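Coordinate inspection notes
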Amino acid sequence: MKTTSLLRPLFAACALALASHGLHAQEMPEMPKPQSEHAWLEKFAGTWETEMECQIPDKEPIKGKATETARMLGGFWLTVENKGEMMGSPFTGIMTLGYDPAKKTYIGTWTDSMTSIMWNYTGTVNSAGDTITLEAEGPCPMQDGKICKFKEVMKLTGKDEKTFTSSVQGDDGKWMQIMSSKSKRVK
């Protein structure tokens, strides 16, 4: 069965609902178009090979590898799927990044196969246009039950290279890096 055939009943229901309210196709507002902020996200599209490292205080770093596949969805969203291994176990992570024109901020989510948490991001791009900084709140990795602030930074270091860091804010207000990675685009 084709996907479009699955959507036909939905479109028909929408058309009936609009007609019942006296709206006709010529009166419909124009659909939104992606803006330059959305287009900026395209720089991260592609397939990337990643080497990562988790920094745990007073312990040896934990290293892992992943493959990241990123594509644009409708010109509005960067959707990213990470697949790899961490601490001897396979993991999958899904990230979405977009731009909210009303709030004038980048927005996004992260979910993965190792936790039950959905991270919600807000972020900005630097003036050089090579770095996005995402902020979120979530469970503190050092103190059970405590919510901490997190900062994640994705930086394009070349046409086909990027870095990523994740930091948590301590009680003293200082940021402690807990994860870093380097990625190369392979296609």
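Residues numbered from 1 in each chain as written. Predicted model: local features only at pLDDT ≥ 70, side-chain atom pairs only at ≥ 80, totals over all residues. Heavy atoms only, no water.

1. Some thoughts on the overall build of the chain
A tally of regular secondary structure across the chain gives two helices and 10 strands. By residue count, 32% of the 187 residues in the chain fall in the buried class. Look at the contacts in the chain between residues 6 or more apart in sequence, and 34% of them connect residues 24 or more apart. Of the roughly 12,100 Å² that the chain leaves accessible, carbon and sulfur atoms contribute 58%. (Helix = DSSP H or I, 4+ residues; strand = E, 2+ residues; numbered from the N terminus. Buried < 20%, exposed > 50% of the residue type's maximum accessible area, 1.4 Å probe, protein only. Contact = heavy atoms within 4.5 Å. Areas by Shrake-Rupley, 256 points an atom, 1.4 Å probe, with all protein chains shown as cover.)

2. Describing the nonpolar core
Ranked by internal contacts, the top residues of the largest apolar core, which has 25 residues, are L78, M95 and L97. Put simply, the parts of the chain that give this core at least two residues each are strand 2 (62-73), strand 3 (77-86), strand 4 (89-100), strand 5 (105-112), strand 6 (119-125), strand 7 (131-139), strand 8 (147-158) and strand 9 (161-169). Examining the composition of this core, we find that four residues originate from one element, strand 8, more than from any other. (Core = buried A, V, L, I, M, F, W, Y, C linked by side-chain atoms within 4.5 Å.)

3. Comments concerning the pairing of strand 4
Two strands pair when backbone bridges link them, and strand 3 and strand 4 are joined in this way by nine bridges, in the antiparallel orientation. What sits directly across from G84, in strand 4, is F91. Connecting strand 3 to the next strand, strand 4, in antiparallel fashion are two residues, including M87 with a positive phi near 55°. Across eight bridges, the pairing between strand 4 and strand 5 is antiparallel. Among the inter-strand pairings, Y99 is bridged to a residue of strand 5, identified as Y106. Counting the residues that bridge the hairpin from strand 4 to strand 5 gives four residues, and of these K104 lies at a positive phi of roughly 55°. (Pairing = 2+ DSSP bridges.)

4. Here we look at the sheet that holds strand 10 (residues 175-185)
Read around the barrel, 10 strands follow the order 1-2-3-4-5-6-7-8-9-10 and close on themselves; strand pairing throughout is antiparallel. Across the sheet, the mean angle from the axis of one strand to that of its neighbour is 25°, orientation sign disregarded. (Axes fitted to C-alpha atoms, helices over the stretch in contact; angles between N-to-C directions.)

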